[in-house]
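Fold and contact review
The primary structure of each chain is shown beneath.
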Amino acid sequence: MEATITLYVDGGRHDLTVDTRTTLLDALRDRLGVTSPKKGCDHGQCGACTVLLEGRRVVSCLALAVAHDGARVTTAAGLAEEGRLHPVARAFVDHDGFQCGYCTPGQVCSAVGMLEEVAADWPSHVTEGLDAPVRLSDEEIRERMSGNLCRCGAYVNIVAAIREAAR
Amino acid sequence: MTETSQPRAVGRPLARLEGADKVTGRAPYAYEHPFDDPLYLHPVLSTFARGRVTGVDASGAEALEGVRAVLTSANAERLADTEDREFAVLQSEEVAFHGQFVAAVVADTPEVARQAAGLVRVDSERSPHDVVLTGDHEGLYRPGSEDGPASDTEQGDVGAALERAEVLVDHTYRTPTEHNNPMEPHTTVALWEEGAQRLTLYDSTQGVHVVRASVATVFGLELDQVRVVAPHVGGGFGSKGEAHAHDVLAAMAARALPGRPVKFALTRQQMFCLVGYRTPTIQRVRLGADRNGRLGVLVHDSVEQTSTVKEFSEQSAMCSRWMYAAPHRRTTHRTAALDVPVNFWMRAPGEAPGMYALEAAMDELAQACGLDPVELRVRNEPGTDPQSGNPWSDRQLVRCLREGAERFGWYGRDPAPRSRREGNWMVGTGVAAASYPHLFNPGSVARVRYGDDGRYEVGIGAVDIGTGAWTALTQIAADALGCSAEGVRLRIGDTDLPTASVAGGSSGTSSWGTAIVTAARAFRAEHGDSPAPGASSQASAAQDTVDEGYAVYSFGAHFAEVRVHADTGEIRVPRMFGMFSVGRVVNPRMVRSQFLGGMVMGMSMALHEESFRDPRHGHVANGDFAEYHIPTNADVGDLRVDWLEGEDPRATPMGSRGVGEIGIVGTAAAVANAVHHATGVRVRDLPVTPDKVLG
Ligand code: FES
Ligand code: FES
C-alpha cells in the first residue's frame with residue numbers, strides 16, 4: 001500500500017509517495033537521496049540514523065514515514081547554515097570526534113538535540129534530583145549520548161567536542 | 001637504512017581533510033552514491049548448518065509486483081572460478097553453515113525485496129552438524145600453508161625446562177567468537193555496462209584493488225573490466241579486508257539485470273553470518289621461571305576453529321615468539337574445521353587474543369613470584385629478537401611500561417588482591433604489555449602529476465576506513481614533494497588509480513606512504529622543483545624498504561583501573577592509560593584517535609563482546625546491537641594515551657610504523673588483571689562478566 005506525504009527536510013519541501021512500510025530513514029535515503037542520516041542497524045539500537053524531528057532527536061529507522069506527513073526534519077547536513085558548520089559539528093572536527101565518520105551525523109544531531117534537553121533541565125539517569133537545573137558534566141554528556149554507538153571508539157573526543165560546543 | 005624525508009607536514013596535528021563532509025553526512029559511503037533507477041537485493045539465508053537445499057519455491061515471491069528476479073542455485077550463472085569457495089555463491093545445493101546464501105530477490109524497492117525474500121520457500125535435507133569447538137576436538141589439525149608463518153616453533157628443551165622450573169604457571173585462557181561490526185554495514189552496489197562487459201562496484205571495502213582482483217577472477221574478467229570505488233568507508237577492523245560472498249551475489253544479480261545498479265546493504269543481523277569474525281580460542285599458556293621471575297620456559301598452545309568452506313588460521317601464539325626472553329620455548333596452533341561461517345581478520349588477528357592469554361599469564365606469574373607485574377616484564381626483556389636473534393630496530397617496551405606506570409600512578413599500590421574498597425566498590429589496577437609487528441605490503445604504486453592550478457595531484461588506490469589516510473597521505477606527499485599540505489590534492493579509493501595494498505595489518509600508511517615517497521622522489525628527479533603543468537611520474541614502493549636485518553615491532557603498555565560492585569558484580573572502568581612506541585607519528589591528532597579507539601575495542605573485548613553460537617542450529621543467537629554488546633559512551637571513562645617521540649627509519653622512509661592495531665593488543669589483559677586485583681577472582685574466559693566475578 002502506498003501513501004502520498006509531504007516532508008520538509010533541511011528547509012526544502014518534498015512531496016513523495018511511499019510504501020506505508022517505509023521508515024523515515026529509508027524515505028530520506030532511498031526516496032529523497034538525503035543520505036546524511038546513516039543506517040547502522042535499522043532497529044533503533046545504534047543511533048546512526050538520528051535526525052531532529054520537529055526539533056527533537058529521534059532514531060529515524062524506528063519512525064514510519066507515513067506517520068510523519070507534514071513533519072519538519074533536520075539532518076546533520078541541514079544544521080550547517082550558509083555553508084558554515086554548526087558549532088557542534090565544528091567541535092567534532094576540531095576534537096577529532098570521529099574516525100570513519102559513519103556514526104557521526106547521528107552523533108551530531110543527537111548532541112544538538114541533547115543540548116536542548118539539558119537547556120530545558122530535563123533530568124537524566126545520572127542527574128541528582130528531578131527538579132534541580134541540570135549542569136552539563138562529562139558524566140551527563142556520556143549518559144545522554146549513550147544511545148549513539150561508535151565502533152571506532154571516538155567517545156573521549158565526542159565528549160570533549162560537546163563540552164566545548166556547549167560553552 | 002633508508003634516509004627519512006624531511007618532516008614539515010608530517011608530525012603536525014592537521015584536522016581530517018574530509019572532516020566537514022563527515023560531520024555533515026555528505027561524504028558518500030558505498031550505498032550513497034547517486035544512482036539512476038536502482039534495484040534492491042534482499043537475500044534468503046539458510047536456516048540450518050549443514051545439508052542440502054532440495055527445492056526452492058519462488059512463486060510467491062515472483063507474484064509480487066515490483067520483483068524483478070529471484071536467483072537460486074538452479075538459475076544463477078555458473079561462475080568462472082570458485083577455487084576460493086567463499087565465493088561459490090549459489091553454485092550448488094550444498095549448505096555448509098547457517099546463514100549461507102540460498103536465494104536472493106531483486107526488486108524495485110527495498111520493502112518489496114524484503115517481503116518477497118520472506119515468501120521464498122526453501123526445502124532442505126539436513127545433516128548432523130558440528131559447530132562447537134573444544135580443546136580436544138577430534139578434528140584438530142595443524143593449519144597453515146607453505147608460505148605463511150610456521151604453525152609450530154620450538155627452541156631448547158621444553159620438557160626438561162618445565163620440570164626444572166621453580167615457579168610454574170599453567171592455565172588455559174579462552175576467548176569467544178567476536179564480530180567486527182563496523183558501523184557501516186558491508187555494502188555493494190553493482191552495475192554492469194557495455195553489454196555486461198564492464199562491472200563497477202561501489203563497495204564498502206578496505207582494499208579496492210583486492211576486491212577487484214577477487215571479483216575479476218570469480219567472473220573470469222580481465223582486471224580492466226572491473227572498477228571498484230570506495231572514497232569513504234565506515235570502518236572495517238578487518239572484516240572488509242577482502243571481498244566476501246555478498247560482493248559476488250550483488251554482481252551476479254546485477255548481471256542478470258544489466259544496466260540497472262543493484263544495491264545490496266547487508267543487515268546488521270546478516271553480518272553475523274557472512275563477513276567474517278574472530279575465531280574463539282582456547283589457549284594453554286605455561287610459564288616456568290625461577291623465584292626471581294626470570295623465565296626459563298614459555299609454552300603457548302592455541303586451539304582455534306575455521307570453516308569447512310575455507311581455512312583461515314588465527315596465529316594467536318605468535319606473540320609468544322618475541323615478547324619475552326626464555327631459552328626454552330614452544331608455540332603451537334591447532335585448528336578444527338567446523339560447520340560455521342568463514343572466519344577472517346578482526347583487528348589484530350592473533351595478537352589480540354594471544355596477548356590477552358600471555359599477559360594474563362604474566363600477571364599470574366608476577367603474583368606467584370611476589371613481584372610487581374611491571375618489574376616482572378622488565379626482568380624478562382630480551383636483548384635481541386628471541387626468534388631470529390636479530391637486533392631490535394626500536395624496542396621500547398620497558399620505557400612504555402615505566403613511563404606509563406609513572407603517568408598512570410601505578411606505583412604505591414597494595415599488590416594484594418581485594419585490598420582496596422570504596423563503599424560497595426572493590427577497586428583494582430592492572431597492567432599489560434602490547435606489541436604488534438611492523439607489516440609492509442609490497443606492490444603499492446603512486447602517481448604524481450603537477451596540475452594546471454599549481455597543485456600536485458597524488459593518486460593511489462588506498463582506502464580511508466577511518467584511519468585518517470586522506471590526511472596522513474597528504475602530509476606524507478607534501479613533505480616528499482617539498483610543498484605544503486594545501487599544495488597536494490590527494491585522490492584515493494578507486495581502482496582507476498594506481499594499485500594499492502589493503503588497509504590491514506596496520507600496514508596502510510606504511511605501504512602507501514612509501515609508494516608516495518618513492519613516486520615523489522621520481523617526480524623530482526624527472527621534473528625538478530619547477531615542473532611544467534601536466535608533468536607526471538609514477539613509481540612503486542620498493543620491495544625491501546623494511547631492513548631485513550632487524551626485528552621491527554611496535555610496543556606499548558596498558559594500565560587500567562576497574563571498580564567491581566560487591567553485590568551486583570557490575571564492572572566499571574573509570575580510568576585507562578596507554579603508552580605506545582610506534583616510531584614517528586605522522587599525525588598526532590589521528591594517531592591518538594587510533595590508540596583511543598583500539599583501547600575502547602580492547603576494553604570491549606575484556607568486558608562485553610561475545611557471539612553465542614547456538615549448538616542446536618549453528619547460528620549466532622545474539623546477532624544485533626541490542627544483544628552483542630559494544631561499549632557506549634557511558635562505558636568509557638577517563639581514557640588517555642601518549643607515546644614516546646621517536647623515529648624508525650628501518651621501518652619506512654617516513655620513520656613511522658603502523659598504529660591501527662596496537663591499541664587493542666593487551667588491553668583486555670590489563671582490564672582482566674585489574675578485575676583480579678580488585679576482587680581476587682581470576683576469570684580466564686572472556687568476556688569478564690558479573691556472573692563470573694560473583695561466581
Ligand atoms: S539505524 Fe536507526 S538506530 Fe541504528
Ligand atoms: S566514527 Fe566510526 S563508528 Fe563512530
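Within each chain, residue numbers correspond to sequence positions counted from 1 in written order. Chains and ligands are labelled by the order in which they are written, letters from A for the one and numbers from 1 for the other. In keeping with the predicted nature of the model, local features appear solely for residues at pLDDT of at least 70, side-chain atom pairs appear and are counted solely at 80 or more, and the whole-chain, interface and lining totals rest on all residues. Only hydrogens and water are set aside when side-chain values are computed; all heavy atoms of the structure are taken into account.

Another point: the pattern of salt bridges. All names here are of chain A. Salt bridges, as used here, are contacts in which a Lys or Arg side-chain nitrogen is within 4 Å of a carboxyl oxygen on Asp or Glu. Going through the model one piece at a time under the given rule, you end up with 59 salt bridges over all chains. We note a salt bridge from Glu117 to Arg57, for which the minimum N-O separation is 2.9 Å. Here Arg57 lies in strand β4 (residues 56–59) and Glu117 lies in helix α4 (residues 104–119), a separation of 60 residues in the sequence. Burial here depends on accessible area, computed with a 1.4 Å probe over protein chains only, as a share of the maximum for the residue type. Under 20% is buried, over 50% is exposed, and the range in between is partly exposed. Judged by relative accessible area, which is 14%, Glu117 ranks as buried. Judged by its relative accessible area of 22%, Arg57 falls in the partly exposed class. Elements are defined by DSSP. Helices are runs of H or I of four residues or more, strands are runs of E of two residues or more, and each kind is numbered from the N terminus.

Residue and element names in this part refer to chain A. Per the annotation, domain bounds derive from an automatic or database assignment of domains. Here the domain parsing of chain A yields domain 1 (2–79) and domain 2 (87–166). If you average the C-alpha positions of domain 1 and of domain 2, the two centres end up 22 Å apart. Note on definitions: a residue-residue contact is assigned when non-hydrogen atoms from the two residues lie within 4.5 Å. With 18 residues of domain 1 at the contact, the number on the domain 2 side is 16 residues. The interface formed by domain 1 and domain 2 includes one salt bridge. Each polar contact in these results corresponds to two N or O atoms within 3.5 Å; when the atoms are within protein, one needs to be able to donate a hydrogen and the other to accept it, and residues that are neighboring in sequence are counted only if both atoms are side-chain atoms. For the interface between domain 1 and domain 2, the tally reads seven residue pairs in polar contact (both at pLDDT 80 or more). Sorting the residues of the side of domain 1 that touches domain 2 by element identifies β3 (50–53), β4 and α2 (76–79) as the ones contributing at least two each. If you tally residues by element for the side of domain 1 that touches domain 2, the top one is β3, at three residues. Here the side of domain 1 that touches domain 2 is composed, by residue class, of six nonpolar, seven polar and five charged. Only Asp, Glu, Lys and Arg are considered charged in this grouping, and only Ala, Val, Leu, Ile, Met, Phe, Trp, Tyr, Cys and Pro are considered nonpolar; every other residue, Gly among them, is considered polar.

Below, the discussion takes up the sheet that holds strand β4 (residues 94–95) of chain B. Residues and elements named next belong to chain B. Strand pairing requires that DSSP identify at least two bridges connecting the strands. On the basis of which strands lie adjacent, the open sheet formed by three strands has the order β4-β2-β6 and antiparallel pairing. Edge positions in the sheet fall to β4 and β6 (121–126), since each of these pairs with one other strand and no more. Note that strand β2 (residues 51–57) and β6 share six bridges and pair antiparallel. Residue pairing in the sheet places Val53 in a bridge with Ser124 of β6.

To continue, consider the environment of Glu570 of chain B. All names here are of chain B. When you line up the elements, Glu570 lands in the loop between β22 (553–565) and β23 (571–581). Along the backbone, Glu570 and Thr689 are 119 residues apart, and their C-alpha atoms lie at a distance of 7.8 Å. Setting aside residues up to four positions removed in sequence, Glu570 forms contacts with Trp425, Arg563, Val564, His565 and Pro690.

What follows concerns the packing of helix α8 (residues 351–369) of chain B against helix α14 (residues 667–679) of chain B. Residue and element names in this part refer to chain B. In this analysis an axis means a line fitted to C-alpha atoms, helices contributing only their contacting stretch, and an angle means the value between N-to-C directions, from 0 to 180 degrees. In contact at an axis separation of 8 Å, α8 and α14 are set at 35 degrees when each is read in the N-to-C sense. By crossing handedness, the relation of α8 to α14 is classed as right-handed. In this structure, α8 contributes Met355, Tyr356, Glu359, Ala360, Asp363 and Gln367 to the contact, and α14 contributes Ala668, Ala669, Ala672, Asn673 and His676. Residues belonging to the contact of α8 with α14 are distributed by class as follows: six nonpolar, three polar and two charged. A clockwise turn of the near helix away from the far one marks a right-handed crossing, whereas an anticlockwise turn of less than a right angle marks a left-handed crossing.

Turning to the interface of chain A and chain B, a few remarks are in order. The interface of chain A with chain B comprises 48 residues on the first partner and 61 residues on the second. Where chain A abuts chain B, roughly 4300 Å² becomes buried across the two surfaces, and 54% of that area is made up of carbon and sulfur atoms. Note on terms: buried area is the combined drop in 1.4 Å-probe accessible area of two parts once they are placed together, counting the loss on both. Three residues stand out in chain A for area buried against chain B, namely Gln99, Arg151 and Tyr155 of chain A, and they jointly supply 20% of the buried area on that side. In this structure, the salt-bridge partner of Glu111 of chain B is Arg31 of chain A, at a minimum N-O distance of 3.0 Å. If you look at where chain A meets chain B, you find 33 residue pairs in polar contact (both at pLDDT 80 or more).

This part is about empty space enclosed by the protein. Residues and elements named next belong to chain B. Detection works on a 1 Å grid of protein atoms alone, calling trapped sets that fit a 1.4 Å probe cavities and calling open sets with protein on both sides within 12 Å along at least five of seven lines pockets, with lining residues defined by an atom within 4 Å of a point. Grid points are joined across faces, edges and corners, and a volume is the space filled by probe spheres set on the points. Per the counting criterion, the structure on display carries seven cavities of 30 Å³ or more. Put simply, the largest cavity is a space of about 70 Å³. Around the largest cavity sit Val53, Val56, Ser73, Leu90, Ser92, Glu93, Glu94, Val95, Gln100, Phe101 and Val102, which together line it. Among the secondary structure elements, those contributing two or more residues to the lining of the largest cavity are β2, β4 and β5 (101–107). Looking at the lining of the largest cavity residue by residue, the class counts come to six nonpolar, three polar and two charged.

Right, let's get into the environment of Glu77 of chain B. Residues and elements named next belong to chain B. By secondary structure assignment, the location of Glu77 is in the loop between β3 (67–72) and β4. It is 13 Å that separates the C-alpha atoms of Glu77 and Ala104, two residues lying 27 residues apart in sequence. Apart from the residues lying within four places of it in its own chain, the contact partners of Glu77 are Gln91, Phe219, Met252 and Arg255. In terms of polar contacts, Glu77 uses its side chain to reach the side chain of Arg255, at 2.8 Å.

Turning next to the side chain of Ser307 of chain B. Residue and element names in this part refer to chain B. Within the element layout of this structure, Ser307 appears in strand β14 (residues 295–307). Owing to a relative accessible area of 3%, Ser307 belongs among the buried residues under this scheme. Of note is the side chain of Ser307, whose polar atom sits 3.3 Å from the backbone nitrogen of Val309. Side-chain polar atoms of Ser307 contact the backbone oxygen of Lys310, separated by 2.8 Å.

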